[in-house]
Amino acid sequence: MPSPTHITEVAVAVITAPDGRFLLARRPEGKPYAGYWEFPGGKVNPDEPILDALRRELLEELGIFVEHAYPWITRTFNYSHASVRLYFYRVVKWHGKPQPRENQELAWQSADNVRVEPMLPANTPVLRALDLPAIYAITHAAELGTDIALIRIERALKGGVRLLQVREKAMPEKALNSFIGAVIALGHRHGARVLVNGSIDNIDFYRKAGVDGLHLASRQLMDIAKRPDVEWCGASCHNAEELFRAEQLGMDFAVLAPVLPTLSHPGSATLGWQRFAALIRDCSIPVYALGGLRREDLTTAWEHGGHGVAMMRGIG
């Protein structure tokens, strides 16, 4: 067994094409786990910046020159032969056509339809994370009125939004239940997932209504002992302790806020982009940025390690 104090650092690339597909490589004979599929990458040399290691490895393995790569998630995994810390980067622009320079096979795949197997164990959870869209829309019907809110939600769905959170803390129960049903119908009609920000005690009702999962408030996150038994589960976080708890419980993603000033909390303290990046550095789950953001902030979120942006007033 490897020494528990020695961890091999590895730079890993999620090379993403404009159509959303990503590149996987099959490990050649002679390497541990030969025949398994993985994301391309390799070991980081001592004192080598991780991004430099990524560029070097992709040039050696695939013959491509990385132009734009964004930090994403970091996962630690213990194999029988080694303990590894995997630094995943999303590579969105490069020069050259990927070529198998080390006798590996290559395959372009989609997160919702991976056709190659087996996957290297450390890489398997990453496929689920890649199935999360970059935009996370949050309802605010109490401010707009349900009729206008539903019009805007449908507009957002037609514009490509594929992940929605129903968050209506002040809405009466009967009206809320009706609104949840309407949002689910709209969302599913457009192929979107709908999560509800509500009490875990109501999980049976949410299941019957057809929701795709739950979104937990930070207080709920800190109070529960295990992850709710739902298909998808996200959580709101505001500090390092809450982010760590979200990782411990196996949340599918977290939302970290507030990054910038918001209309709902004028004058409140904000994280800013540098603090946001520092808090999520080495996080093992995708993290959305929230707070005063719009679609135009998506690249900035990526540059600071975020999975994407969550928006309330900016959705439509």
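Given the structure is predicted, the values throughout are model-derived calculations rather than measurements. (Residues numbered from 1 in each chain as written. Predicted model: local features only at pLDDT ≥ 70, side-chain atom pairs only at ≥ 80, totals over all residues. Heavy atoms only, no water.)

Digging into the side chain of Thr74
- Mapping Thr74 onto the fold places it in strand β5 (residues 65-78).
- Using a relative accessible area of 10% as the deciding quantity, one classes Thr74 as buried.
- Sequence-distant contacts of Thr74, defined by excluding residues within four places in its chain, comprise Arg85, Leu86, Tyr87, Asp282, Cys283 and Ser284. (Helix = DSSP H or I, 4+ residues; strand = E, 2+ residues; numbered from the N terminus. Buried < 20%, exposed > 50% of the residue type's maximum accessible area, 1.4 Å probe, protein only. Contact = heavy atoms within 4.5 Å.)

A word on the sheet that holds strand β4 (residues 41-43)
- Strand order across the open sheet formed by four strands is β4-β1-β6-β5, with mixed pairing between neighbours. The strands lining the two open edges of the sheet, one partner per strand, are β4 and β5. Pairs of neighbouring strands in the sheet enclose a mean axial angle of 20°, with direction left out of account.
- The pairing of β5 with strand β6 (residues 83-95) spans 11 bridges and is classified as antiparallel. Bridging from a neighbouring strand, Arg75 pairs with Leu86 of β6. (Pairing = 2+ DSSP bridges. Axes fitted to C-alpha atoms, helices over the stretch in contact; angles between N-to-C directions.)

Section: the layout of surface pockets
- Volume-wise, the second largest pocket comes out at about 630 Å³.
- In this structure, the second largest pocket is lined by 30 residues; those nearest its centre are Val10, Arg27, Glu38, Gly41 and Gly42.
- Secondary-structure elements contributing two or more residues to the lining of the second largest pocket are β1 (8-15), β2 (22-26), β4, α1 (50-62) and β6.
- For the lining of the second largest pocket, the element with the highest residue contribution is β1, accounting for four residues. (1 Å grid on protein atoms, 1.4 Å probe; cavity = no way out; pocket = protein on both sides within 12 Å on 5 of 7 lines; lining within 4 Å. Points joined across faces, edges and corners; volume = space filled by probe spheres on them.)

Digging into the environment of Arg27
- As for its position among the elements, Arg27 is in the loop between β2 and β3 (37-38).
- A relative accessible area of 17% means that Arg27 is categorised as buried.
- As for Arg27 and Leu106, which are separated by 79 residues in sequence, their C-alpha atoms are 9.6 Å apart.
- The contacts of Arg27, once residues within four sequence positions are left out, are Pro32, Tyr33, Ala34, Gly35, Tyr36, Glu38 and Leu120.
- In terms of polar contacts, Arg27 uses its side chain to reach the backbone carbonyl oxygen of Pro32, at 2.7 Å. (Polar contact = N/O pair within 3.5 Å; in protein donor to acceptor, adjacent residues only side chain to side chain.)

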